[in-house]
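Remarks on the overall topology
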Amino acid sequence: MKPDNLTEFTDDQLFQKMKNIKNNKIINAVIVGATVGIFFFGVMKNGLGLSTFFPLVIGYLVIKNSAGDKIIEQEIRKEMQSRNLV
């Protein structure tokens, strides 16, 4: 996900984007925590195998996809500071 032209957004739209990014962070943390928990449960129950590593792959993909959100969040913060909204 690439950053949009933030100068065209209204103040409310910037706040809404920040809120969505924060919600996505929480959801991503829950997904990663659940996948790690599933991994450890699978290791304790069945030992190591392909099915135990599959949840870790999902967690890795979630982390990798959320890396773009950090860049967008920084750009939104800069735009909000330039507008004196923070």
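Since the model is a prediction, treat every value here as computed from it, not as a measurement.

Observations concerning the pattern of salt bridges
Within the structure shown, the criterion is met by 5 salt bridges. The salt bridge involving Arg77 is made with Glu73; its shortest N-O contact spans 2.9 Å. On the criterion of helical spacing, the pair formed by Arg77 and Glu73 is a turn pair, its members being 4 residues apart in helix H2 (residues 50-82). Judged by its relative accessible area of 40%, Arg77 falls in the partly exposed class.

Brief notes about the UniProt feature "transmembrane region" (unreviewed entry) in the protein
Feature annotation in UniProt places "transmembrane region" (unreviewed entry) on residues 26-44 and 50-67, given in this structure's numbering. Helix makes up 100% of residues 26-44 and strand 0%. Its end C-alpha atoms lie 27 Å apart. Spanning residues 50-67, this segment combines 100% helix with 0% strand, and its end C-alpha atoms are found 26 Å apart.

Let's talk about H2
Spanning 33 residues, H2 covers 50 Å between terminal C-alpha atoms, matching the ideal 48 Å at 1.5 Å per step. Every buried residue of H2 is accounted for by Thr52, Pro55, Gly59, Val62, Ser66, Asp69, Ile72, Glu73, Ile76, Glu79 and Met80. Its buried side turned inward, H2 meets helix H1 (11-46). Of the residues flanking the end of H2, it is Asn84, one or two places downstream, whose phi is positive at about 60 degrees.

Comments concerning a nonpolar patch on the surface
On the surface, Val36, Phe40, Leu48, Phe53 and Leu56 cluster together to form a nonpolar patch covering roughly 460 Å² of accessible area. Contributing elements (two or more residues each) for the nonpolar patch: H1 and H2. In this fold, Leu48 is placed in the loop between H1 and H2.

Concerning the environment of Gly59
If you trace the backbone, Gly59 turns up in helix H2. Gly59 sits 23 residues away from Val36 along the chain, and the two C-alpha atoms are 7.5 Å apart. Each residue touching Gly59, except ones within four places of it in the same chain, is listed here: Val32 and Thr35.

Side note on the environment of Ala34
Secondary-structure assignment places Ala34 in helix H1. Under the relative-accessibility criterion, Ala34 is labelled partly exposed at 38%.

How each quantity is defined
- Think of each chain on its own: its residues are numbered from 1, step by step along the sequence as written.
- Given that the model is predicted, a residue must reach a pLDDT of at least 70 before its local features are reported, and side-chain atom pairs must reach 80 or more before they are shown or counted; all residues, however, enter totals for whole chains, interfaces and linings.
- To get the side-chain values, take all heavy atoms of the structure and skip hydrogens and water.
- By convention in these notes, a salt bridge is any Lys or Arg side-chain nitrogen within 4 Å of a carboxyl oxygen on Asp or Glu.
- Helix and strand assignments come from DSSP, with helices taken as H or I runs of at least 4 residues and strands as E runs of at least 2, each series counted from the N terminus.
- Here's how the labels work: a residue is buried when its accessible area is under 20% of the maximum for its type, exposed when over 50%, partly exposed in between, all with a 1.4 Å probe on protein chains only.
- UniProt positions are given in the numbering used here, feature names are shortened, and annotations may be inferred rather than shown by experiment.
- What a helix is expected to span follows from its residue count: subtract one and scale by 1.5 Å.
- In what follows, residue pairs with any heavy atoms lying within 4.5 Å of each other are defined as contacts.
- Each patch is assembled from residues with relative accessible area greater than 30% and no salt bridge, linking like charges that lie within 9 Å and nonpolar side chains (Val, Leu, Ile, Met, Phe, Trp, Tyr) that lie within 5 Å.
- Using a 1.4 Å probe, the Shrake-Rupley method yields the accessible areas, and only the shown protein chains count as cover for residues.

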